[in-house]
Amino acid sequence: MMGKPNLVTVHALNPMSLVAVRGESVGIVGRNGSGKSTLMKLINGQVTPDTGAVYASSTPIMLGVNAALVPELPGDHNVVLGCLAMGLTYDEIAERYESIVELSGLEKAIHLPMRSYSSGMSSRLRFAIAASIDPEILLIDEALNTGDAQFADRSRRRMDELRENAGCVFLVSHSLETILDMCSRVVWMDKGDLLMDGDPREVVTAYKDFTRHLSKGNNISAEKIREEAMLALTVTRIRERSTGRRSVRVQ
Ligand SMILES: Nc1ncnc2c1ncn2[C@@H]1O[C@H](COP(=O)(O)OP(=O)(O)OP(=O)(O)O)[C@@H](O)[C@H]1O
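- Going by the annotation in an unreviewed UniProt entry, the name recorded for the protein is ATP-binding cassette domain-containing protein, with Arthrobacter yangruifuii given as the source organism.
- The record held by UniProt for the protein lists under Sequence similarities (unreviewed entry) the comment "Belongs to the ABC transporter superfamily."

In structure tokens:
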């Protein structure tokens, strides 16, 4: 039978307001499908919101996923392509080429076509390319979990440098240890709602409590934690920098 395809509208994010200021490192936690990646894509302009807007003092750069690379070309050609796509000049690429290849850890494989790489190898190359610029607003979506232990160590060092140089960092990770280690503020999302926004330990503890109850099947207790978190949200006052950190779900 012919007919219209079944289209389903998914509201990945409910209305919310979030203000981050220079010097903050904002961690984003939440269950699978809670809207973390969608929020990051909104911030860097990969998707546009149905309503509302995103304001930024400079273009936010998503680390590791946005380089448009060509599988048929060797890694070294893709380094040039990826860097050009990020707006670097040929001189700047030449300056950074060696350190990109070193960070990727691909050694001689850098001359092989990317289609011959394992998924870990191509993620490493994407990360190394993306990490070669120092953005003012940096978005990291699980990029830390890329590659093997040796690469994780190298990428962590580069990430530390990037965080030091960036004005503001957003980090999505399921590793709560990483979040606590790196973030000065944590946002907890669930089913498209922003539930909590504040001190990393406080937010991570509430989130852990919530998931513990859920994994034990205590759905009512988990729901109570969720409701309490939402009720505790306070209104954003964007003009006052000191209170601009608080976020609120728009009614
Ligand atoms: N391209 C898409 N088409 C349809 N639904 C989508 C699409 N991208 C995301 N969604 C839906 O939007 C919701 C939020 O997804 P999102 O990827 O932002 O979650 P997440 O918190 O990053 O999840 P995870 O922790 O699993 O990465 C989910 O219900 C998901 O199914």
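### Describing the overall build of the protein
Consideration 1: The helix and strand inventory of the protein stands at eight helices and six strands.
Consideration 2: Looking at the protein alone, contacts between residues at least 24 apart form 69% of all its contacts between residues at least 6 apart.
Consideration 3: Summed over all atoms, the accessible surface of the protein reaches about 14,100 Å², with 51% contributed by carbon and sulfur.

### Observations concerning a nonpolar patch on the surface
Consideration 1: Taken together, the side chains of Val70, Leu73 and Leu81 make up a nonpolar region of the molecular surface, amounting to roughly 170 Å² of accessible area.
Consideration 2: The topology assignment puts Leu73 in the loop between strand S2 (61–63) and helix H2 (75–85).

### Some remarks on the nonpolar core
Consideration 1: In this structure, Leu63, Leu125 and Trp188 are the most contacted members of the largest nonpolar core, which totals 48 residues.
Consideration 2: When residues are assigned to domains, this core turns out to be shared by domain 1 (11–64 + 135–251) and domain 2 (66–130), each giving three or more.
Consideration 3: One finds Leu13, Ile28, Phe170 and Val187 within the second-largest nonpolar core, a separate group that totals 17 residues.

### Points about the pattern of salt bridges
Consideration 1: For the structure shown, the criterion picks out 10 salt bridges.
Consideration 2: Arg158 serves as the salt-bridge partner of Asp134, at 3.3 Å between the closest nitrogen and oxygen. Of this pair, Asp134 sits in the loop between helix H4 (119–130) and strand S3 (137–141) while Arg158 sits in helix H5 (residues 149–165), and the two are 24 residues apart along the sequence.
Consideration 3: For Arg158, a relative accessible area of 15% translates into the label buried.
Consideration 4: With a shortest N-O distance of 2.9 Å, Arg212 and Asp209 are connected by a salt bridge. Taken together, the residues span about one helical turn, with Arg212 and Asp209 both in helix H7 (residues 200–215) at a distance of three residues.

### Quick notes on the site of the ligand
Consideration 1: What surrounds the ligand is the set Val10, Ala12, Arg31, Asn32, Gly33, Ser34, Gly35, Lys36, Ser37, Thr38 and His174.
Consideration 2: Note that an oxygen atom of the ligand is positioned 2.8 Å from one of the side-chain N or O atoms of Ser37.
Consideration 3: Protein coverage of the free-state accessible area of the ligand, which is 640 Å², stands at 52%.
Consideration 4: For the shell around the ligand, a count of residues per class yields two nonpolar, seven polar and two charged.

### Section: helix H1 (residues 36–43)
Consideration 1: All buried positions along H1 are accounted for by Lys36, Leu39, Met40, Leu42 and Ile43. Down the axis of H1, the smallest arc covering the buried residues is 160°, so these residues share one side.
Consideration 2: Lining the buried residues of H1 we find strand S1 (25–29), S2, S3, strand S4 (168–172) and strand S5 (185–190).
Consideration 3: Following H1 by one or two positions, Gly45 has its phi on the positive side, about 85°.

### Here we look at H7
Consideration 1: For H7, which comprises 16 residues, the first-to-last C-alpha distance of 22 Å matches the rise-based estimate of 22 Å (1.5 Å per residue) to within 8%.
Consideration 2: Among all positions of H7, only Pro200, Val203, Val204, Ala206, Tyr207 and Phe210 are buried. Along the long axis of H7, the arc covered by the buried residues comes to 160°, so they all point the same way. Exposed residues pointing more than 90 degrees away from the buried face of H7 are listed as Arg201 and Glu202.
Consideration 3: Among the structural elements, S1, helix H6 (176–182), S5, strand S6 (193–198) and helix H8 (219–231) are those in contact with the buried residues of H7.
Consideration 4: Within two residues after H7, Gly217 carries a phi angle of roughly 85°, on the positive side.

### Details of unusual backbone geometry
Consideration 1: Despite not being glycine, Glu107 has its phi angle at roughly 50°, a positive value.
Consideration 2: Within the fold, Glu107 resides in the loop between helix H3 (90–104) and H4.

### Observations regarding the environment of Ser57
Consideration 1: Summarising the element assignment, Ser57 is placed in the loop between H1 and S2.
Consideration 2: The exposure class of Ser57 is exposed, given its relative accessible area of 63%.
Consideration 3: Separated by 79 residues in the primary sequence, Ser57 and Glu136 place their C-alpha atoms 8.6 Å from one another.
Consideration 4: Here Ser57 is in contact with Glu136 and Ile137, once residues within four sequence places are set aside.

So, how was this worked out
- Residues numbered from 1 in each chain as written.
- Predicted model: local features only at pLDDT ≥ 70, side-chain atom pairs only at ≥ 80, totals over all residues.
- Heavy atoms only, no water.
- UniProt positions renumbered as here; feature names shortened; annotations may be inferred.
- Helix = DSSP H or I, 4+ residues; strand = E, 2+ residues; numbered from the N terminus.
- Contact = heavy atoms within 4.5 Å.
- Areas by Shrake-Rupley, 256 points an atom, 1.4 Å probe, with all protein chains shown as cover.
- Patch = residues over 30% accessible without salt bridge, like charges linked within 9 Å, V, L, I, M, F, W, Y side chains within 5 Å.
- Salt bridge = Lys/Arg side-chain N within 4 Å of Asp/Glu carboxyl O.
- Core = buried A, V, L, I, M, F, W, Y, C linked by side-chain atoms within 4.5 Å.
- Buried < 20%, exposed > 50% of the residue type's maximum accessible area, 1.4 Å probe, protein only.
- Domains from an automatic or database assignment.
- Near = heavy atom within 4 Å.
- Polar contact = N/O pair within 3.5 Å; in protein donor to acceptor, adjacent residues only side chain to side chain.
- Nonpolar A, V, L, I, M, F, W, Y, C, P; charged D, E, K, R; others polar.
- Arc of directions from axis to C-beta.
- Expected span 1.5 Å × (residues − 1).

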